[in-house]
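Coordinates in review
Each chain is listed here by its residues.
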Amino acid sequence: MTRRLATIAGALAFVALLLGAWQLGALYGAISPIFFPSPVRTLEELAKQVADGRLWQPLGATTMRMLWGWFAASIAGVVIGAAIGLSRTAREYLEPMLEFLRPLPASAVIPVAVSFLGLSTQMSTAVIAFGSIWPVLLAAVHGFATVDPQLAEVSSSLCLTRWQRLWKIALPSAMPDILAGVRVGLGIALILAVVTEMQASLPGLGQNILLAQRSFKSPELYAGVVVLGMLGFIANQLILGIERRLLRWRALPE
Amino acid sequence: MIQAPVIEVRTVGMSFGNGTGARAVLTDISFDVVEGAFLCIVGPSGCGKTTLLRLLAGLLRTTTGVIRCHGEPVTVPSRDRAIIFQDYSKALLPWRTVANNVALALEACGVEEPERGAQVSALLRTMGLTRAADQYPSQLSGGMQQRVQIARCLAQRPRILLMDEPFGALDAITRQGLQDEVTRLALELGTTVVFITHDLEEAIYLGDHVIVLAANPGRIVERIEVGIARPRSQLATREDPRFLAHRHRLFDMLQDH
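How each quantity is defined
Going along each chain's sequence as written, the residues are numbered from 1 onward. Each chain gets a letter, beginning with A, and each ligand a number, beginning with 1, in the order they are written. Side-chain atom pairs in this predicted model are given and counted only at pLDDT of 80 or more, local residue features only at pLDDT of at least 70, and totals for whole chains, interfaces and linings cover all residues. Heavy atoms throughout the structure, all of them, feed into the side-chain values; hydrogens and water do not. Numbering goes from the N terminus for both helices and strands, where a helix is a DSSP run of H or I of at least four residues and a strand is a run of E of at least two. With C-alpha atoms as the basis for the radius of gyration, the globule rule is written as 2.2 Å multiplied by the number of residues raised to the power 0.38. The buried label goes to any residue with under 20% of its type's maximum accessible area, the exposed label to any with over 50%, and the partly exposed label to all in between, with areas taken from a 1.4 Å probe on protein chains only. Residues count as neighbours in contact if any of their non-hydrogen atoms are within 4.5 Å of one another. Here, Shrake-Rupley sampling with a 1.4 Å probe gives the accessible areas, and only protein chains in the shown set may cover a residue. Fitted lines through C-alpha atoms give the axes, limited to the stretch in contact for helices. The angle between two N-to-C directions lies from 0 to 180 degrees. Throughout, the term roughly parallel applies to angles under 35 degrees, roughly antiparallel to angles over 145, roughly perpendicular to angles from 65 to 115, and oblique to all others. Crossings are assigned a handedness: left-handed for a near helix turned anticlockwise from the far helix by less than a right angle, right-handed for a clockwise turn. By the convention adopted, Pro, Cys, Tyr, Trp, Phe, Met, Ile, Leu, Val and Ala count as nonpolar, Lys, Arg, Asp and Glu as charged, and the other residues, Gly among them, as polar. Within 6.5 Å between ring centres, the rings of Phe, Tyr and Trp (the latter by its six-membered ring) count as paired, and their orientation is classed by plane angle as stacked under 30 degrees, edge-to-face over 60, tilted in between. Where each domain begins and ends follows an automated or database-derived domain assignment. Two parts lose some accessible area (1.4 Å probe) when they are put together, and adding that loss for both gives the buried area. The term salt bridge refers to a side-chain nitrogen of Lys or Arg lying within 4 Å of a carboxyl oxygen of Asp or Glu. In the analysis that follows, any N or O atom pair within 3.5 Å is treated as a polar contact, provided that within protein one partner can donate a hydrogen and the other can accept it, and provided that, for residues neighboring in sequence, both atoms belong to side chains.

Quick look at the overall build of chain B now. Helix and strand content of chain B: nine helices and ten strands. The C-alpha atoms of chain B give 18 Å as radius of gyration, which agrees with the globular expectation for 257 residues (18 Å, within 12%). Overall, chain B is about 50 × 50 × 40 Å in size when its C-alpha atoms are taken along their principal axes. Relative to its full complement of 257 residues, chain B shows a buried share of 53%.

Structure, rendered in structure tokens:
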């Protein structure tokens, strides 16, 4: 416990150190405050946005954008991943195609999505879903394809139905892979939420940052970046919490 | 009185691969097991004894010959025949607690709560697992894990229990305890048991009958009736002159092949 506290204290000290360096750099005018505000100015701006409520709408918009795209990608990724992972034939036919699509930068499909769906929220959701499906999908394929053969024999000898095998054996056994995949996917979803907002002028933190930069409101710009950082951090912590709960059995005292 | 056999194995052969690459694993295996009997199959590694057990379970299909249980040809697994796997650590679901691992067999049979919970508690009590009910398999010793697997098999109320070297990886004291417990349970429930082992003494100690297999290809070289009444005793039975006589004869036989 004390070791845990020491770790947290150390991490916080490092953050304080960086903030101090930033404050000093701004104070001595190393960079013009028009482009680079001090952390105090940035946090003041943030506090003001919280106080007058200007923060919540764009924050909510970006969060929902990220969550919807990610949620759709996670569900589709697990379902398609299960279908591919459980069938050897499907794996052999589809894996080369997946390997072609996976490294494709999701931002490259934005023009394609725009030409089909316009500068709309649906376009944004589609791009986010396309980008964040890969880690989930590939993890699910791997997870479902590598169910222990001994457990397959156990399922046969207990006469489990196909549905029971899928639900009670294959899914839980693929769960560690899937959870790692959805966590990576959430990070990608946040990136793409911001990128699509900037590209398509959709309301949200991404658009606000862009507008702040164009009108030289650097504290606003940096406040937006800080909020995005916190959003990503909190989202990641939430999934880690779920992971710890669902995979309790993986880290047990002997 | 002559009983109709529960298990009939008739000139069973099994080979893997086909054409010129085919490798015969078992040839010309025939035997019967009567209701409630305890049959041990002993042989060196590579003699196909695990393959034979998987054939009996219906996890594999015979290449030639036929296996019948209760008069029906065996082609697929049935709840009537439970199999206890050698590698208990892989045969349990690591993400389920002990109680829920046992419950899996009842879920497969469609037993609903609260009946399921009651049956699980009873099985855990039978196998001495009550205190471990909420633990995960990785927290248990090998002997305890094997108890969980046995409890799960008993949950489906099989008439035939197939055991694949279930105690091979356990220490001597744990092994003896489980040997006596399994034979006692089988006797109480009237379960027919086919037990695979590479340990000759274990085979004679447990079995009403012992079949000896030789390797390349796997075939029956000897079958004996042990002729010592069950239940047996770890000390008295192992000092019984009949036990020693069987041991001598079969020991030489395993050496020769």
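Turning our eyes to something else, we now look at the overall build of chain A. The helix and strand tally for chain A stands at ten helices and zero strands. Traced from its N-terminal end to its C-terminal end, chain A shows the element sequence α-α-α-α-α-α-α-α-α-α. On the principal axes, the C-alpha backbone points of chain A span a range of 75 × 55 × 30 Å. When burial is assessed residue by residue, chain A has 41% of its 254 residues classed as buried. Taking the intrachain contacts of chain A between residues at least 6 apart in sequence as the baseline, contacts between residues at least 24 apart amount to 73%. Put simply, chain A shows about 14,400 Å² of open surface, and 70% of that area lies on carbon and sulfur atoms.

Below, the discussion takes up the packing of helix α8 (residues 162–200) of chain A against helix α10 (residues 218–246) of chain A. Packed helices, taken two at a time, are described by the angle between their axes plus the distance between the axes. Residues and elements named next belong to chain A. Orientation of α8 relative to α10, taken along the N-to-C sense of each, is 165°, at an axis distance of 10 Å. One way to sum up the angle between α8 and α10 is to call them roughly antiparallel. Like other packed secondary-structure pairs, α8 and α10 cross with a definite hand, here right-handed. Contacts from L179, V182, R183, L186, L190 and V194 in α8 reach L228, L231, G232, A235, N236, I239, L240, E243 and L246 in α10. Of the residues in the contact of α8 with α10, the class split is eleven nonpolar, two polar and two charged.

It is worth spelling out the packing of aromatic side chains at this point. Throughout the structure, instances matching the rule amount to seven aromatic pairs over all chains. Between the aromatic rings of W163(A) and W167(A), the centroid separation amounts to 5.7 Å while the plane-to-plane angle is 10°, which identifies the pairing as stacked. Here W167(A) and W163(A) lie together in helix α8, a separation of four residues that amounts to about one turn. Accessibility classification places W163(A) together with W167(A) in one group, the exposed group. With centroids separated by 5.9 Å and ring planes inclined at 40°, the aromatic side chains of F38(B) and F195(B) adopt a geometry described as tilted.

Residues and elements named next belong to chain B. Domain parsing of chain B yields domain 1 (5–80 + 159–256) and domain 2 (91–157). Tallying the contact residues gives 13 residues for domain 1 and 13 residues for domain 2. With both chains or domains summed, domain 1 and domain 2 bury close to 1,000 Å², and 64% of this area falls on carbon and sulfur atoms. Taken together, the connections running from domain 1 to domain 2 amount to one salt bridge. Of the charged contacts in the structure, one is a salt bridge between R147 and E181, with a shortest N-O distance of 2.9 Å. One can count four residue pairs in polar contact (both at pLDDT 80 or more) joining domain 1 with domain 2. Residue composition of the side of domain 1 that touches domain 2, grouped by class: eight nonpolar, two polar and three charged.

With that out of the way, let us pick up the interface of chain A and chain B. Contact with chain A, which involves 20 residues of that partner, is made by 24 residues of chain B. Between chain A and chain B, roughly 2,100 Å² of surface is buried when both sides are summed, and carbon and sulfur atoms account for 63% of that area. Across the chain A-chain B interface, the total number found is two salt bridges. For R54(B), the salt bridge goes to E153(A), with nearest N and O atoms at 2.6 Å. Applying the counting criterion to the chain A and chain B interface returns five residue pairs in polar contact (both at pLDDT 80 or more). Elements represented by at least two residues in the side of chain A that touches chain B include exactly α7 (149–157) and α8 of chain A. Across the side of chain A that touches chain B, the residue classes tally to ten nonpolar, five polar and five charged.

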